[in-house]
Amino acid sequence: MFFFHNFITFYCPNSQNKFMKKLFYGLLFVLSLQASAQERITFQEPDPEILALADFVRPPQIKISSDKAWMLFTYRPTYKSLAELGQEEMKLAGLRINPRTNMESSTIFFNKIALKKIGQEIEYTSFEGMPKDALLAHFVFSPDNKQLAFTNTNDSGTALFVLELATRTARQLTPYSLNATLDAPFQWLRNSERLLITSLPKEKSALLDPSKDLPTGPVVSTSDGQVSQLRTYQDLLKNPQDEANFETLVQSNLQFVDLHGTITKFKDKAIYAGISCSPNGEYLMVTTITKPYSYIVPASRFPQQTHIYDLSGKEIALVNEVPLTEVMPKGFSSTRTGKRSLHWRSDQPATLAYVEALDGGDANQPAEFRDALYTVEYPYTGPSKLIFKMKDRYAGVVWGNEKYALVNSHWYNTRNVKTFVVNPSSGEARLLHDRNSQDVYHDPGTVYQERNAFGTYTMFLEKDKTLFVGKGFTKEGEFPFVEELDLRTLKKKRLYTAAASEMQERIEQLVNPKTGELFISLQSATVYPNYFMKNMKSGKQVALTALENPFKSLEKVHKEILNYKRKDGVELSGTLYLPAGYDFNKKEKLPLLMWAYPREYKDKTTAGQSTANPKEFTFPNYGSFIYWVSKGYAVLDNAAFPIVGEGKKEPNDTFIEQLVANAEAAINAVDQLGYIDRKRVAVGGHSYGAFMTAHLLSNSNLFAAGIARSGAYNRTLTPFGFQSEQRNFWDNPKLYMTMSPFMSADRMKTPLLLVHGGADNNPGTFTLQTERYFQALKNLGAPVRMVILPREAHGYVAKENIFHLLWEQDQFLEKYLKH
């Protein structure tokens, strides 16, 4: 500044000098205003009421052994740290890899475990041989349930450990050289005596730095003229150095390791994308990724080969070759050509099953049959056998025996799903279920599978009957059930339905169908979910856990399910929270916070179904507004925002109109109860909910403020579809423009808090979406604040960032809503 002041004084005469000084200091003032647009702020914590809820001790996750004898409790810190997010990361081929640990950088680590024998009171928390400063992951019980395998990670990499359950003694089986970049780095063999591991090659190459290496030429991509519909992907390969680094990080050797730590070679270095052991334990199906790589699709679409080997490493067959998949027909029911969904038939020793498209994979082409399911036996005894042809797209199979299998199909455009009872021997098929996939009130449940002699899981069968376990959602509430299906007559018989009570029962597992033992959880709005062994015949139940409610301050909060209707008759719902001690006689008018996420439907009936449950435990997290009920706000959480397109109409054809109708109906419903000041209502959402929020503020006068987190606001940046939209930009440019909040930024006059992770990895919601939307709003004069959370991906995990987010939201709401 001193230099420019002297410059003006020296070179300008008196009159000009005065003018130039005024101009100069005016420019400085303008620059200072622009500079003040960026606040220098350190991480903050929210007010005590919110912090008491956010700074809690996370209860353990629970895993049950396959013989239902052991419960494993795994503990981890409530949040990650910003330092953890700052570890080195390579973004390659749609993957985010930590090159130090040879794992996905988003891997969640556990630092403590406990074991409990079901039926006994003792909980074991002390184990010999456990690693210090543990960072544990990938817990897998052995097939015989005598061992627990897991990985530990430290500064030098990742190693395999095995814990002997009987003696509670752990031992390290491998060096810290496992490679878990594409999948779990180990799996048990059927005999429980050895494991197959993916380990780093000893001759691992050094990583290249693309910014330092001098390019040898330009990067060139070409098209052969085929029409395709590829979505927008993140973190793709960009140059030859990326290709080299991708290979360096994901290549592994395949090796065996026994329980004494003896390692033997199985297969040399390759990119192993999938490994599966045959039920009889004699063969391994191994899928590898091969060249050429692509700069426009992730690794899952790179060329692949699938081989079958015996345990000596001898190749039995090359069973599949998939070319690079850069071209895909339009539509969610389209698929690639060739064999897919390769898997071992679980009821046979070594029979491979797979699916092939009969329509070229193109859902837009007419075809009598879309997919076919085949099997082939090993050792190879002849050509593949056709099991079943279906008119829709294959959606899975549950094998039973030589007489029974359940084959599922689906068709996205109609949301239709079907289940067929198929005889694998004769090919005879009968239709069992034909329903809308979103019809939760008529969901038949999931067929119960039991462990067979091979150690794999097949459909439970007893005298031509099987069992289904369902969630039991109804208009009156949630009533889980067990149902018997006669596979000869297809008639059903209800064996058990959870009774209505103050506690919500949920069936976690069917333990023993003969004795009627169930593994269930019980919870209420204020009672944390705990686990019990219950006999569905006698009703007797025994507690297995006694986990405490970590959110005691919410125990007296009022919670109810609010049911209401949209103008066009669509039934809606939301979970309403009112502050503890709210006086229902005086009915103070509270500010209202609404959190929502739009979902698409093909009919009004299923759109109006609700799974909201007043007896579900209230678990506040950064993904909702529930925290603010502790500060005197009313909160409508998970407000239903269905977007319906019936018949040939698509839901998004009237997206904005339906958004506004949903919001208006929700506000009216709470207002009619007399609880709120409808002039003080804010709306918020994450991802597609952020997209919703921006539209509501631009296209209605219903809200006083909004919070939009990690959204996409310019749909022309995702031109080949987004969310559930199958049409591309050139099919309907007007739709894409109308559905872009960026295009209506000039209509945004309502205060908006924009938040985004600085390293968003979700397709379409790259951080640039929020940055460009903010720039548009700022220049158009909208009251907007943008917060970029450093190092966060699409979901936020660091304690510093989450606490600061809560502080930002609290400050924003206090300013624009409460006062």
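Everything discussed here concerns the structure shown above.
Here the residue numbers are simple positions, counted from 1 along each chain's written sequence. For a predicted model such as this one, the threshold for reporting local features is a pLDDT of at least 70, and the threshold for listing and counting side-chain atom pairs is 80 or more; totals across whole chains, interfaces and linings nevertheless cover every residue. Just so you know, side-chain values use all the structure's heavy atoms and leave hydrogens and water out.

## Quick word on the sheet that holds strand 15 (residues 263-277)
Reasoning step 1: One open sheet accounts for seven strands, arranged 12-13-14-15-16-17-18; its pairing is antiparallel. This sheet does not close on itself; its edge strands, each paired only once, are strand 12 (186-188) and strand 18 (315-322). Taken pair by pair, the neighbouring strands of this sheet meet at an average axis angle of 35°, ignoring direction. Pairing between strands is defined by DSSP: at least two bridges between the two strands are required. The way it works is that DSSP assigns letters per residue, a run of H or I at least four long becomes a helix, a run of E at least two long becomes a strand, and they are numbered from the N terminus. Working convention: axes come from line fits to C-alpha atoms, limited for helices to the stretch in contact. Angles between N-to-C directions cover 0 to 180 degrees.

## Describing the packing of aromatic side chains
Reasoning step 1: Here a pair means two rings of Phe, Tyr or Trp (six-membered ring of Trp) with centres within 6.5 Å. Their orientation is stacked below 30 degrees between planes, edge-to-face above 60, and tilted elsewhere. Under the definition given, this model contains 40 aromatic pairs.
Reasoning step 2: Residues F332 and Y412 carry aromatic rings whose centres are separated by 4.8 Å and whose planes lie at 75° to one another, so their mutual orientation is edge-to-face. Taken together, the residues F332 in the loop between strand 18 and strand 19 (339-344) and Y412 in the loop between strand 24 (405-411) and strand 25 (416-422) connect sequence positions 80 residues apart.
Reasoning step 3: Of the residues examined, F332 reaches a relative accessible area of 32% and is grouped as partly exposed.
Reasoning step 4: Note on Y528 and F619: the rings are 6.4 Å apart at their centroids and 55° apart in plane angle, and the pair reads as tilted. In this pair, Y528 sits in the loop between strand 36 (517-523) and strand 37 (530-535) while F619 sits in the loop between helix 6 (604-607) and strand 42 (634-644), placing the two residues 91 residues apart along the sequence. Relative accessible area decides the class of each residue, using a 1.4 Å probe on protein chains only: under 20% of the type maximum gives buried, over 50% gives exposed, and in between gives partly exposed.

## Structural notes on the pairing of strand 16 (residues 283-289)
Reasoning step 1: Taking burial as the measure, the seven residues of strand 16 include seven buried ones, the bulk of the element.
Reasoning step 2: Of the two faces of strand 16, the one carrying Y283, M285, T287 and I289 and the one carrying L284, V286 and T288 are both buried.
Reasoning step 3: Strand direction decides the pairing type here: strand 15 and strand 16, joined by six bridges, are antiparallel. Opposite Y272, over in strand 16, you have T288 as the bridge partner.
Reasoning step 4: Count of turn residues in the strand 15/strand 16 antiparallel hairpin: five residues, of which G281 carries a positive phi of about 75°.
Reasoning step 5: By the bridge criterion, seven bridges tie strand 16 to strand 17 (residues 304-310) in an arrangement that is antiparallel. Bridge assignment links I289 to a residue of strand 17, and that residue is Q304.

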